[in-house]
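# Observations on the model geometry
Here's the letter readout for the chains.
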Amino acid sequence: MAITGATGNLGGRVARGLAGTGAALRLVVRDPRRAPDLGSVEIATAAYGDIAAARRALEGIATLFMVS
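Below: a short report on this structure.

## Thoughts on helix H1 (residues 9-19)
Among the residues of H1, Gly11, Gly12 and Ala15 are the ones counted as buried. Around the axis of H1, the buried residues are gathered within 100° of arc, so they sit on the same side. With respect to the buried face of H1, the exposed residues turned more than 90 degrees away are Asn9 and Arg13. Elements in contact with the buried residues of H1: strand S1 (2-4), strand S2 (26-29) and strand S4 (64-65).

Have a look at this one:
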């Protein structure tokens, strides 16, 4: 599962809630330095305007929680 907006309020709450379940998570963030430290989650860097980076960040993802 991928989550966008993990550096913000709503996406961050979803990410923290799911991190404790053992689910495989990928946080899609613009600035990886701001990504929350949630243990063994994957961090992918992409911005909404960068289509190529967004495609790479979402490769292999079946479920997406997207905060715009």
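## Let's talk about a nonpolar patch on the surface
Taken together, the side chains of Tyr48, Leu58, Leu64 and Met66 make up a nonpolar region of the molecular surface, amounting to roughly 380 Å² of accessible area. Considering the arrangement of structural elements, one finds Tyr48 in the loop between strand S3 (42-45) and helix H2 (51-58). Look at Tyr48 and you get exposed, because its relative accessible area is 51%.

## Looking at the sheet that holds S3
In spatial order, the strands read S3-S2-S1-S4; together these four strands make up an open sheet with parallel pairing. Two strands in the sheet have a free side with no partner beyond their single neighbour: S3 and S4. Of the pairings in the sheet, the one linking S2 to S3 comprises four bridges and is parallel in character. Paired with Val28 across the bridge in S3 is Ala44. Across the sheet, H2 is in contact with S1, S2, S3 and S4; its angle to S2 comes to roughly 170°.

## Structural notes on the environment of Arg30
On the secondary structure map, Arg30 appears in the loop between S2 and S3. Under the relative-accessibility criterion, Arg30 is labelled exposed at 65%. A C-alpha to C-alpha distance of 9.0 Å links Arg30 and Thr7, two positions 23 residues apart in sequence. Setting aside its immediate chain neighbours within four residues, Arg30 contacts Thr45, Ala46 and Ala47.

The rules behind each value
Residues numbered from 1 in each chain as written. Predicted model: local features only at pLDDT ≥ 70, side-chain atom pairs only at ≥ 80, totals over all residues. Heavy atoms only, no water. Buried < 20%, exposed > 50% of the residue type's maximum accessible area, 1.4 Å probe, protein only. Helix = DSSP H or I, 4+ residues; strand = E, 2+ residues; numbered from the N terminus. Arc of directions from axis to C-beta. Contact = heavy atoms within 4.5 Å. Patch = residues over 30% accessible without salt bridge, like charges linked within 9 Å, V, L, I, M, F, W, Y side chains within 5 Å. Areas by Shrake-Rupley, 256 points an atom, 1.4 Å probe, with all protein chains shown as cover. Salt bridge = Lys/Arg side-chain N within 4 Å of Asp/Glu carboxyl O. Pairing = 2+ DSSP bridges. Axes fitted to C-alpha atoms, helices over the stretch in contact; angles between N-to-C directions.

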